[in-house]
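The lines below spell out each chain.
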Amino acid sequence: MSKVAKKLFFDVDGVGRINAMPGATFTLGGNNRTPVNADNGPVGFSEELVEPKITGIQVPNDGTVSMEQINALTNVNVTIQDDNGKTYIQSGSYTPAPCSQSNGMISFDFNGLRTDAVS
């Protein structure tokens, strides 16, 4: 029986490995597809590009990374690895909105320009 990957680990240029809590979502990027229907039924679909992104990142506010440091991140590479060893690099990454802090956790997202599989 094979192991199902549940954890994600993040290494950020200029910051290093961040102590991310479980629960972040990694989206590879690609296309959203929407059905196109004519008056007599479906005729195909249209596509809209979707940027690669990582949402729902939470790190403990333990002094290893500051909110100011996170907010200033632009054009960095983020290495994403799951606990089965599958690795991706999201390049051109940036924080799309200011991070927030609540209950001892700093929360933020990353958007990027492209994601490439490494292994």
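Residues numbered from 1 in each chain as written. Predicted model: local features only at pLDDT ≥ 70, side-chain atom pairs only at ≥ 80, totals over all residues. Heavy atoms only, no water.

Topic: the overall build of the protein
- Scanning the protein for helices and strands turns up 1 helix and 11 strands.
- Here the C-alpha radius of gyration of the protein, 17 Å, is well above what a compact globule of 119 residues would show, namely 14 Å.
- Projected onto the principal axes, the alpha-carbon positions of the protein cover approximately 60 × 40 × 25 Å.
- Residues classed as buried in the protein amount to 28% of the 119 residues present.
- Accessible surface for the protein amounts to roughly 7400 Å². Of this, 50% is attributable to carbon and sulfur atoms.
- Averaging the positions of the 8 positive and the 12 negative side-chain charges in the protein gives two centres separated by 9 Å. (Helix = DSSP H or I, 4+ residues; strand = E, 2+ residues; numbered from the N terminus. Rg over C-alpha atoms; globule rule 2.2 N^0.38 Å. Buried < 20%, exposed > 50% of the residue type's maximum accessible area, 1.4 Å probe, protein only. Areas by Shrake-Rupley, 256 points an atom, 1.4 Å probe, with all protein chains shown as cover. Lys, Arg positive; Asp, Glu negative; His and termini not counted. Charge placed at Lys NZ, Arg CZ, Asp CG, Glu CD.)

Quick notes on the nonpolar core
- One finds Ile54, Ile57, Val78, Phe108 and Phe110 to be the most contacted residues of the largest nonpolar core, which totals 19 residues.
- Going through the elements one at a time, β1 (8-12), β6 (53-60), β7 (76-82) and β10 (105-111) are the ones with two or more residues in this core.
- In this structure, Ile54 is in contact with Phe10, Ala24, Thr25, Phe26, Val78, Ile80, Gln90, Asp109 and Phe110, ignoring residues within four places of it in sequence. (Core = buried A, V, L, I, M, F, W, Y, C linked by side-chain atoms within 4.5 Å. Contact = heavy atoms within 4.5 Å.)

Some words on the sheet that holds β10
- In space, the 4 strands of this open sheet follow the order β3-β6-β10-β9, with antiparallel pairing throughout. Sheet topology places β3 (25-27) and β9 (100-102) at the edges, where each strand pairs with a single neighbour. Taken over all neighbouring pairs, the strand axes of this sheet differ in orientation by 25° on average, direction set aside.
- Where β9 lies against β10, 3 bridges are found, and the strand directions are antiparallel. For Gln101, the partnering residue across the bridge sits in β10 and is Ile106. (Pairing = 2+ DSSP bridges. Axes fitted to C-alpha atoms, helices over the stretch in contact; angles between N-to-C directions.)

A short note on the pairing of strand β5 (residues 41-50)
- Taken together, the 9 bridges between strand β4 (residues 30-38) and β5 define a ladder with antiparallel strand orientation. In the strand pairing of β5, Asn37 is matched with Pro42.
- Here β4 folds back onto β5 in antiparallel fashion, the turn holding 2 residues.

What about the sheet that holds strand β2 (residues 16-18)?
- Strand order across the open sheet formed by 5 strands is β2-β1-β7-β8-β11, with antiparallel pairing between neighbours. One side of each edge strand has no neighbouring strand; the edge strands of this open sheet are β2 and β11 (114-117). The mean inter-strand angle of the sheet, taken between neighbouring strand axes irrespective of direction, is 25°.
- Relative to β7, β1 is paired through 5 bridges, and the arrangement is antiparallel. Each residue of the ladder has a partner; that of Leu8, found in β7, is Asp82.

A word on the pattern of salt bridges
- Counted by the stated rule, this structure contains 4 salt bridges.
- Across the pair Arg33 and Glu47 runs a salt bridge whose closest N-O atoms are separated by 2.9 Å. Taken together, the residues Arg33 in strand β4 and Glu47 in strand β5 connect sequence positions 14 residues apart.
- Residue Arg33 is classed as exposed on the basis of its relative accessible area, which comes to 53%.
- A salt bridge links Arg114 to Asp116; the shortest N-O distance between them is 2.7 Å.
- Its relative accessible area of 47% is what places Arg114 among the partly exposed residues.
- Judged by relative accessible area, which is 31%, Asp116 ranks as partly exposed. (Salt bridge = Lys/Arg side-chain N within 4 Å of Asp/Glu carboxyl O.)

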